[in-house]
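Structural overview for review
Here are the chains, one letter per residue:
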Amino acid sequence: MDRRQLIYRGACAGASLSLPLARLRAEAIKKTGLAEVYKDYFKLGTAISTKTLSGENPSMLPLIAREFNAITAENAMKWSSIHPSHDRWNWGLCDKFVNFGRVNSMLMVGHTLVWHKQTPSSLFIDRGKLISPKKLYKRLGNHISTVVDRYKAYIAVWDVVNEAFDEKVGWRKSSWYDVLGPNFLSKSFEIAREADPTAHLIYNDFKLENKKKQVFAIQQIKRLQKKGVRVDGIGLQCHVELDSGKPSIEQLEETIINFYNEGLQVHITELDVDVLPNAWTYRDQHINDLSEKADKLNPYKDGLPKKVGILLAERYEELFRLFIKHRDKIPRVSLWGTSDDETWKNYRPVVGRTNYPLLFNSKQQPKRAYFALHKLATDS
Ligand code: GLA
């Protein structure tokens, strides 16, 4: 894709790791932001939380403006937030998001038009019964065209559909799929394209390095392309683990190449590195209710040990080395948040843990991983 397309439209266009952290931080004051050092490789983005957009975290926006040049709203643009019922629209936080991006000449990503989560259940009900396909298409059309049309002067990239596939069964069983079948995917892209023919439209999902899911996703995107429905990019969420096998760099590399070979630009859309033990078996439970397992599942509640901070920096470094290598295929790498206090990982899958998946700590100070990436870009 033409990189200029990825710039906000209408805007003016536009240490070594062994040193103690305190010294690295002091040095950092003099340094340029991370996006600046990556500017010849790709856009570097982050997600902005609803808390930040609501003004409850005033120091966060200046930090984001200094370090990043692409933004996604973490939750504010999801269906339940922006359009909680048929005749209600909440534009306030999204307008703030767009205004911040505009003032700072950032690439803005609209996230997300269609998803099975954070979507009002009333959408699928009509007069007490499951809605008919015809009526649901009407609601879908109205939502997508209203949102895209409102922001088309500013938002250049849309995550049109999020997580329509499942690694085990192909199509994810969702209300969208139950009522509309597979065509909700192509229809969503068609409506978004019509609302803004010049937008860059993405299909976004997690664990696309899973071979079965990847093959299925490619098949479905090809099916769309054959019908003349263009998909411009694939969004690899990249919620990865600290363990360098989950996923491995080789798996990720193959995934990037495979999607690119299908004619898609590859966006890294929601990058973070989970440093805690896998706890999906205890999904939605509170850590305080997991008494005997609590210490094991939440081992760093009093702080991130130095050795884990070093492993985190190494994991980020290997990932960014890969992204730099494939920069011709990757227009953007976005982290899923800026500082550890705001990460979704503190409440998913288990509520109340203390995770450290991002580049800034909960005091909004850069971590060792930040310095590793800074150094990698300047040395590469
Ligand atoms: C998915 C979604 C994101 C976010 C995360 C964490 O990855 O795409 O918007 O909600 O889940 O909850």
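Residues numbered from 1 in each chain as written. Predicted model: local features only at pLDDT ≥ 70, side-chain atom pairs only at ≥ 80, totals over all residues. Heavy atoms only, no water.

Right, let's get into the overall build of the protein. The helix and strand inventory of the protein stands at 14 helices and 13 strands. The globule rule puts the C-alpha radius of gyration for 380 residues at 21 Å, and the 20 Å found for the protein is close to it. Projecting the C-alpha coordinates of the protein onto the three principal axes gives extents of approximately 60 × 55 × 40 Å. Expressed as a percentage of its 380 residues, the buried residues of the protein come to 56%. (Helix = DSSP H or I, 4+ residues; strand = E, 2+ residues; numbered from the N terminus. Rg over C-alpha atoms; globule rule 2.2 N^0.38 Å. Buried < 20%, exposed > 50% of the residue type's maximum accessible area, 1.4 Å probe, protein only.)

Attention shifts here to the pairing of strand β10 (residues 233–236). Burial of the side chains of β10 extends over both faces: Gly233 and Gly235 are buried on one face and Ile234 and Leu236 on the other. Looking at chain direction, strand β9 (residues 200–205) and β10 are connected through four bridges and run parallel. If you follow Ile202 over to β10, its bridge partner there is Gly233. Taken together, β9, helix α10 (residues 211–226) and β10 form a β-α-β motif whose crossover is right-handed. (Pairing = 2+ DSSP bridges. Right-handed = clockwise from strand over helix to strand, strands pointing away.)

Turning to the site of the ligand, a few remarks are in order. For the ligand, the full set of nearby residues is Glu74, Lys78, His111, Trp115, Gln118, Asn162, Glu163, Gln237, His239, Glu270, Trp336 and Trp344. Interatomic distance of 2.4 Å between a side-chain N/O atom of Glu270 and an oxygen atom of the ligand. Protein chains shield 89% of the accessible area of the ligand, which is 300 Å² for the free molecule. When grouped by side-chain class, the residues that make up the shell around the ligand number three nonpolar, five polar and four charged. (Near = heavy atom within 4 Å. Polar contact = N/O pair within 3.5 Å; in protein donor to acceptor, adjacent residues only side chain to side chain. Areas by Shrake-Rupley, 256 points an atom, 1.4 Å probe, with all protein chains shown as cover. Nonpolar A, V, L, I, M, F, W, Y, C, P; charged D, E, K, R; others polar.)

This part is about the environment of Ala156. Within the element layout of this structure, Ala156 appears in the loop between α7 (133–151) and β6 (157–162). For Ala156 and Ser186, which are 30 residues apart along the polypeptide, the C-alpha to C-alpha distance reads 20 Å.

Looking at where Pro197 falls in the secondary structure, it is placed in the loop between α9 (183–195) and β9. The spacing of Pro197 and Lys152 is 45 residues in sequence and 9.6 Å in space, taken between C-alpha atoms.

Moving on, we get to the pattern of salt bridges. Pairing between side chains of opposite charge can happen when their charged atoms approach one another. This model, assessed by the stated rule, comprises 22 salt bridges. Linking Arg150 and Asp95 is a salt bridge whose minimum nitrogen-to-oxygen distance equals 2.7 Å. Of this pair, Arg150 sits in helix α7 while Asp95 sits in helix α6 (residues 92–103), and the two are 55 residues apart along the sequence. Owing to a relative accessible area of 37%, Arg150 belongs among the partly exposed residues under this scheme. You can call Asp95 partly exposed: its relative accessible area is 29%. For Arg321, the salt bridge identified is with Glu317, shortest N-O distance 2.7 Å. Highlighted residues: Arg321 and Glu317, both in helix α13 (residues 306–325), separated by four residues, approximately one helical turn. What you see here is one network of salt bridges that share partners, running through Glu167, Asp205 and Lys213. (Salt bridge = Lys/Arg side-chain N within 4 Å of Asp/Glu carboxyl O.)

The next point concerns unusual backbone geometry. Looking along the chain, the bond that leaves His111 and enters Thr112 is cis, with omega of -10°. You can see Thr112 is positioned in strand β3 (residues 107–114). Between Arg348 and Pro349 the backbone carries a cis peptide bond, its omega angle lying at -5°. Relative to the assigned elements, Pro349 resides in the loop between β13 (332–335) and α14 (368–379). At Glu163, a residue that is not glycine, the phi angle is positive and equals roughly 55°. Along the chain, Glu163 falls in the loop between β6 and β7 (165–166).

A few words on α13. Each α-helix winds once per 3.6 residues, and so residues spaced three or four apart point in a common direction. Spanning 20 residues, α13 covers 29 Å between terminal C-alpha atoms, matching the ideal 28 Å at 1.5 Å per step. Where α13 is concerned, the buried positions are Val308, Gly309, Leu312, Ala313, Arg315, Tyr316, Glu317, Leu319, Phe320, Leu322, Phe323 and Ile324. (Expected span 1.5 Å × (residues − 1).)

The next point concerns the side chain of Asp272. Note that Asp272 resides in strand β12 (residues 265–274). A polar atom in the side chain of Asp272 sits 2.8 Å from the side chain of Trp344. In this view, Asp272 contacts Cys238, His239, Val240, Tyr316, Trp336, Trp344, Lys345, Pro357 and Leu358; residues no more than four positions away in its chain are not counted. (Contact = heavy atoms within 4.5 Å.)

What follows is about the nonpolar core. Of all hydrophobic cores here, the largest spans 105 residues; its most connected members are Tyr38, Trp158, Tyr316, Phe320 and Phe323. When residues of this core are assigned to their parent elements, the largest contribution, nine residues, is made by α13. Discounting chain neighbours no more than four positions away, the residues touching Phe323 are Phe42, Ile256, Ile268, Leu271, Ile330 and Val333. (Core = buried A, V, L, I, M, F, W, Y, C linked by side-chain atoms within 4.5 Å.)

It is worth spelling out the pairing of strand β2 (residues 70–73) at this point. Of the two faces of β2, the one holding Ala70 and Thr72 and the one holding Ile71 and Ala73 are both buried throughout. Examined bridge by bridge, strand β1 (residues 43–48) and β2 share four bridges and lie parallel to one another. Residue pairing across strands places Gly45 opposite Ala70, the latter belonging to β2. In the sheet, β2 pairs with β3 via three bridges, with the strands oriented parallel. Across the sheet, residue Ala70 finds its bridge partner in β3, namely Leu107.

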